Amino acid sequence: MTEKKRTELEASLSPWGWNSRWQALREAGGTPDLLPGRITTESRQIYTVEGPEGPVTAGISGAYHYRAVLRSDYPAVGDWILYKPSDGNKGVIEQLLPRQSCFSRKTAGERTEEQIIAANIDTVLLVFGINGGRNFTSGGLERYLTLAWESGAVPVVVLNKADLCSAEEREKALLTAENSAPGVSIYEVSALTGEGLEGLTGSISPGSTVALTGPSGVGKSTIINALAGRELQKTTSQREGDLKGRHTTTRKEMFRLPGGLILIDTPGLKEIQLWASEEALAETFDDIALLARECRFKDCTHRGEPGCAVQQALSRGELEHRRYENYLNMEKELNYLKTRQDSQAARMEREKWKGIAKIQKDLKKQNKRS
Ligand code: GDP
Ligand code: ZN
């Protein structure tokens, strides 16, 4: 690729978060006839892609479908993809560039399958309302923190509705957050008065992709509107002809904010369920993970075995009972998910081999005939 072309790409795509990392991944993938772009909406595998020449409507190529095995192999909002452009601002998606981070959830129903809600988020704001304290508990924060660590995005805690709190209540909320999220940046803000919002956005570097999650009613939409000012028409739906000639309405889920930040606001992020690994759990509860190394048994469950360092810390008052209980609850939830995933993986493996055996049988039949 010529230096000139590279600079042109950079100029047109960097407002959407394109950088040297994506450039390197693209060049490693070869295929100079394909253009890079970022997915801003998705509806039944019809995508809006922000490409070097503006937005295009794109579907998935046959070869892509053929290669895709899991639901998570398909692009999601926030993904960088490579597409083949065609006339009339259309395109065909050929390749997915490897994700840097992603938020996922288990899909509803029988199959426990990972569904990508949003990809390549750099910073995730974990929003809580600190009025009355009902919406803001350590347990809630730890839960969202685990999701954030699992995603690969950097979490930032946002304590909203500060305008409804006394100085004392604000101090208390800050302490609670600091205890549950050691080392994580915490901002007290008010979306209503605008207090603290500049400090928050100023701490995030331009060109970063940001998303908000947290319980409902804490003020996520209000914060988004405040950050966007008047430029954002969040509920504007675009009418777009889809590739099969039907008309679908697609809500835009990725925006550029005035200050140079990119915002991902998909409905799914607001009702995200736990889909995290043991590693992410250990990161949220790194104090417990550290203690666990001192337990006498390697596979200690910390539920009363002799020589358990976690139990000792509890009895010495060095570990909060509440934090310990929350850890056990989340571990239980993860184990349940894991068991479901394992039995499903075994089933899929069996089906795969059945499929291969059938292909071999068919081939043999064909060979005999010819
Ligand atoms: P979401 O469900 O997290 O998106 O919450 P919303 O943005 O819909 O806000 C829920 C309610 O809280 C609305 O009535 C908002 O006006 C109100 N609200 C949001 N932010 C603030 C704030 O900073 N201070 C006060 N007093 N109210 C707020
Ligand atoms: Zn133990």
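What counts and how
Residues numbered from 1 in each chain as written. Chains lettered and ligands numbered in written order. Predicted model: local features only at pLDDT ≥ 70, side-chain atom pairs only at ≥ 80, totals over all residues. Heavy atoms only, no water. pLDDT = per-residue confidence, 0-100. Helix = DSSP H or I, 4+ residues; strand = E, 2+ residues; numbered from the N terminus. Contact = heavy atoms within 4.5 Å. Donors = N, O, S within 2.8 Å, 3.2 Å for Na, K, Ca; no water. Tetrahedral: all angles 85-135°; square planar, octahedral: opposite > 155°, others 65-115°. Buried < 20%, exposed > 50% of the residue type's maximum accessible area, 1.4 Å probe, protein only. Near = heavy atom within 4 Å. Polar contact = N/O pair within 3.5 Å; in protein donor to acceptor, adjacent residues only side chain to side chain. Nonpolar A, V, L, I, M, F, W, Y, C, P; charged D, E, K, R; others polar. Phe/Tyr/Trp six-rings, centres within 6.5 Å; stacked < 30°, edge-to-face > 60°. Lys NZ or Arg CZ within 6 Å of the ring centre and 35° of its normal. Arc of directions from axis to C-beta.

Asker: Would you mind showing me how to read the confidence of the model for the protein chain here?
Answerer: Interpretation of this model should avoid reading the predicted coordinates in detail wherever pLDDT is low. Of all residues in the protein chain, 79% have pLDDT values of 70 or greater, and the mean over the chain is 83. When pLDDT is averaged over each helix and strand of the protein chain, the minimum, 33, is found for strand β12 (residues 237–241) and the maximum, 96, for strand β10 (residues 186–188). Confidence drops under a pLDDT of 50 for residues 231–249, and excluding neighbours within four residues, the segment shows 36 contacts in the predicted structure.

Asker: Looking at this model, I keep getting lost on the coordination of the zinc ion (ligand 2). Mind explaining?
Answerer: Each donor-metal-donor angle would ideally measure 109.5 degrees in four-coordinate tetrahedral geometry, or 90 or 180 degrees in six-coordinate octahedral geometry. For the zinc ion (ligand 2), the full set of protein donor atoms is C295 (SG), C300 (SG), H302 (ND1) and C308 (SG), at a range of 2.1 to 2.4 Å. Around the zinc ion (ligand 2), the four donor atoms are arranged such that angles at the metal cover 102 to 114 degrees; this shape is classified as tetrahedral. On the primary sequence, the residues serving as donors to the zinc ion (ligand 2) are separated as C-x4-C-x1-H-x5-C. On the accessibility criterion, C300 (10% relative accessible area) is buried.

Asker: What am I meant to see in the site of ligand 1 here?
Answerer: What surrounds ligand 1 is a group of 15 residues, the closest being D163, G217, K220, S221 and T222. Contact distances for ligand 1 include 3.3 Å between an oxygen atom and a backbone N or O atom of L192. Separating an oxygen atom of ligand 1 from a backbone N or O atom of V218 is a distance of 3.3 Å. When residues of the shell around ligand 1 are assigned to their parent elements, the largest contribution, three residues, is made by helix α7 (residues 220–228). By residue class, the composition of the shell around ligand 1 is five nonpolar, seven polar and three charged.

Asker: Sorry if this is basic, but what is going on with the packing of aromatic side chains here?
Answerer: Two measures describe an aromatic ring pair: the distance that separates the ring centres and the angle between the ring planes. For the structure shown, the criterion picks out six aromatic pairs. Relative to Y144, the ring of F128 has its centre 5.8 Å away and its plane inclined at 80 degrees; by these criteria the two rings are edge-to-face. Residue F128 is located in strand β8 (residues 123–129), and its partner Y144 is located in helix α4 (residues 138–151); the two are separated by 16 residues in the primary sequence. Taking relative accessible area as the criterion, F128 reaches 0% and is therefore assigned buried. With a relative accessible area of 14%, Y144 lands in the buried category. Aromatic side chains F285 and Y327 sit 5.4 Å apart centroid to centroid with 75 degrees between the ring planes, which places their arrangement in the edge-to-face category. One end of the pair, F285, is in the loop between α9 (278–284) and α10 (286–292); the other, Y327, is in helix α12 (residues 321–369), and 42 residues separate them in sequence. Assessed through its relative accessible area of 0%, F285 is described here as buried. Y327 sits in the buried class, given a relative accessible area of 11%. Its end group placed over the ring of W22, R21 keeps NZ or CZ at 4.5 Å from the ring centre. Taking the ring centre of Y64 as reference, the NZ or CZ of R67 above it sits at 5.6 Å.

Asker: Which parts of the structure should I look at to understand the side chain of T266?
Answerer: Looking at where T266 falls in the secondary structure, it is placed in the loop between β15 (262–264) and α8 (267–270). The exposure class of T266 is buried, given its relative accessible area of 3%. With near-sequence residues (within four places) excluded, T266 lies in contact with V77, I117, A118 and E253.

Asker: Honestly, helix α2 (residues 20–29) in this entry has me stumped. Any pointers?
Answerer: Count 3.6 residues to each turn of an α-helix, and residues three or four apart come out pointing the same way. Three or more residues of α2 are buried, namely W22, Q23 and R26. Projected down its long axis, α2 carries its buried residues within an arc of 105 degrees, all on one side. The outward face of α2, more than 90 degrees from its buried face, is lined by the exposed residues S20 and A28. For α2, the elements touching its buried residues are α1 (3–13), β1 (35–43) and β4 (80–86). One side-chain oxygen of the residue at the start of α2 lies 3.0 Å from the amide nitrogen of R21, identifying that residue as N19. Positive phi shows up at T31, right after α2, with a value of about 40 degrees.

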